[in-house]
Protein chains: 2
Amino acid sequence: MSEKKYTVGQLAKSTGIKSVTIRYYEKIGLLPKAARSESGYRLYTAQDHSRLRFIRRSRGLGFSLDDIRELLSLADQQQAPCASVDAKVNQQLEQVRARLKDLQAMEHELKRLNGCCEGGVIFNCRIIETLSNETVGAGSPTD
Amino acid sequence: MSEKKYTVGQLAKSTGIKSVTIRYYEKIGLLPKAARSESGYRLYTAQDHSRLRFIRRSRGLGFSLDDIRELLSLADQQQAPCASVDAKVNQQLEQVRARLKDLQAMEHELKRLNGCCEGGVIFNCRIIETLSNETVGAGSPTD
DNA sequence: ATTGACCTTATAGCTACTATAACCCTTATT
DNA sequence: AATAAGGGTTATAGTAGCTATAAGGTCAAT
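- Named according to an unreviewed UniProt entry, chain A is Helix-turn-helix domain-containing protein originating from Marinomonas vulgaris.

Remarks on the packing of helix 3 (residues 46-60) of chain B against helix 4 (residues 65-76) of chain B
Residue and element names in this part refer to chain B.
Consideration 1: Running from amino to carboxyl end, helix 3 crosses helix 4 at an angle of 135°, the nearest separation of the two axes being 10 Å. It follows that helix 3 is oblique to helix 4 by the angle criterion. The two elements helix 3 and helix 4 cross, and the hand of that crossing is right-handed. Where helix 3 abuts helix 4, its residues Arg-51, Phe-54, Ile-55, Ser-58 and Arg-59 lie against Leu-65, Ile-68, Leu-71, Leu-72 and Asp-76.

Some words on the domain arrangement of chain A
Consideration 1: Domain boundaries in chain A define domain 1 (1-63) and domain 2 (81-133).
Consideration 2: Taken over C-alpha atoms, the centre of domain 1 of chain A sits 36 Å from the centre of domain 2 of chain A.

Let's talk about the side chain of Arg-57 of chain A
Consideration 1: Within the secondary structure, Arg-57 of chain A sits in helix 3 (residues 46-60).
Consideration 2: Within the structure, Arg-57 of chain A has its side chain in polar contact with the side chain of Glu-109 of chain B (distance 3.3 Å).

Observations regarding the packing of helix 1 (residues 8-15) of chain A against helix 2 (residues 19-27) of chain A
Residues and elements named next belong to chain A.
Consideration 1: Where helix 1 meets helix 2, the closest approach of the two axes is 8 Å, and the angle between their N-to-C directions is 105°. Comparing the axis directions of helix 1 and helix 2 gives the class roughly perpendicular. Between helix 1, through Val-8, Gly-9, Leu-11 and Ala-12, and helix 2, the contact on the second element is made entirely by Ser-19, Ile-22 and Arg-23.
Consideration 2: When the residues that make up the contact of helix 1 with helix 2 are grouped by side-chain class, the tally is four nonpolar, two polar and one charged.

What to know about helix 5 (residues 83-113) of chain A
Consideration 1: Over its 31 residues, helix 5 of chain A extends 45 Å from the first C-alpha to the last, a length consistent with the 45 Å expected when each residue adds 1.5 Å.
Consideration 2: Looking one or two places after helix 5 of chain A, you find Gly-115 of chain A, whose phi comes out positive at around 70°.

Focus: the protein's contact with DNA strand C
Consideration 1: For DNA strand C, the set of nearby residues contains 18 residues, the closest of which are Gly-9, Arg-23 and Arg-42 of chain A together with Tyr-24 and Tyr-25 of chain B.
Consideration 2: Among the atoms of DNA strand C lying within 4 Å of the protein, the sugar-phosphate backbone contributes 84%.
Consideration 3: In this structure, Thr-7 of chain A approaches DNA strand C through a side-chain N or O atom, which is 3.2 Å from a phosphate oxygen.
Consideration 4: At 2.8 Å, a backbone N or O of Arg-42 of chain A approaches a phosphate oxygen of DNA strand C.
Consideration 5: Those elements giving two or more residues to the surface near DNA strand C turn out to be helix 1 and helix 2 of chain A together with helix 2 (19-27) of chain B.
Consideration 6: Among the elements that make up the surface near DNA strand C, the one with the highest residue count is helix 2 of chain B (three residues).
Consideration 7: Of the residues contributing to the surface near DNA strand C, the split by class is six nonpolar, six polar and six charged.

Rules used in this analysis
- Residues numbered from 1 in each chain as written.
- Chains lettered and ligands numbered in written order.
- Predicted model: local features only at pLDDT ≥ 70, side-chain atom pairs only at ≥ 80, totals over all residues.
- Heavy atoms only, no water.
- Axes fitted to C-alpha atoms, helices over the stretch in contact; angles between N-to-C directions.
- Helix = DSSP H or I, 4+ residues; strand = E, 2+ residues; numbered from the N terminus.
- Parallel < 35°, antiparallel > 145°, perpendicular 65-115°, else oblique.
- Left-handed = near helix turned anticlockwise from the far one by under 90°.
- Contact = heavy atoms within 4.5 Å.
- Domains from an automatic or database assignment.
- Polar contact = N/O pair within 3.5 Å; in protein donor to acceptor, adjacent residues only side chain to side chain.
- Nonpolar A, V, L, I, M, F, W, Y, C, P; charged D, E, K, R; others polar.
- Expected span 1.5 Å × (residues − 1).
- Near = heavy atom within 4 Å.

Right, here's the structure in full:
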């Protein structure tokens, strides 16, 4: 008995990853080259579906495609220690936290700016003024 | 008396924006075309310095270059109402908050994954297992 | 037979830079 | 005066992770 096969569109629908993206993943070697029907259509198996779900989930956690490539290759080495997987997750967590910190700083600043001019004209606009102000590390060209 | 002029490198050093980037900003019309010395070097004024500082500060708040283009053109219309500036800031604030929400969800998930396998092998790795799991909107291809 | 919804490929575009190559200018030192 | 270091100039290609476009082949139904 041969496995059930799916077209790229069916896979797309069931994973939420677009057909173009799936082909792109194949092109960059993130997915193995799909089998083809007589007429040249790609044919996918349940395994591909699972791999794609893995990718989608990892993307959702902010992993880069390169990271995911590594994770996938790790996932295939069932007897390897999972310390390296752990390390990747840890690393990603720190990256996310760093970006969080940046964004929080942005939010703070934007909140400060938001609504600080009440119906005036730009000449008196505190926002524009603030944006134009000196910042650390941006002195005059003669510094 | 003619203004003091600065080279691209001097401007770069004092604004923290690299020379290449400054040239790039000129190329895409974010900065006006700089005057040139006899030998073809770009010559910048204090005004350019201020404009660049504005860009840097806005970038730091996460504004896109297109947003900044608009902000700059608004900043030049001193008698226009600053409602549109306000709106841009507001919009940016919401975008930042949306990204924050995403990142917080990522952090939450990563924290959950982090360190959940204790020195085992990948075959038993809870992380890999979790990443492979079904998610909402990612059923089987036959759904 | 023809429509419409799918599939195929190759190529270019997107953001905001960064890297590279190959060359010209200025300044200081030998 | 020659030369070397450290600027500057241009054009072009590469980065991530897709998305859009064009120009065509396939499949199922009418």
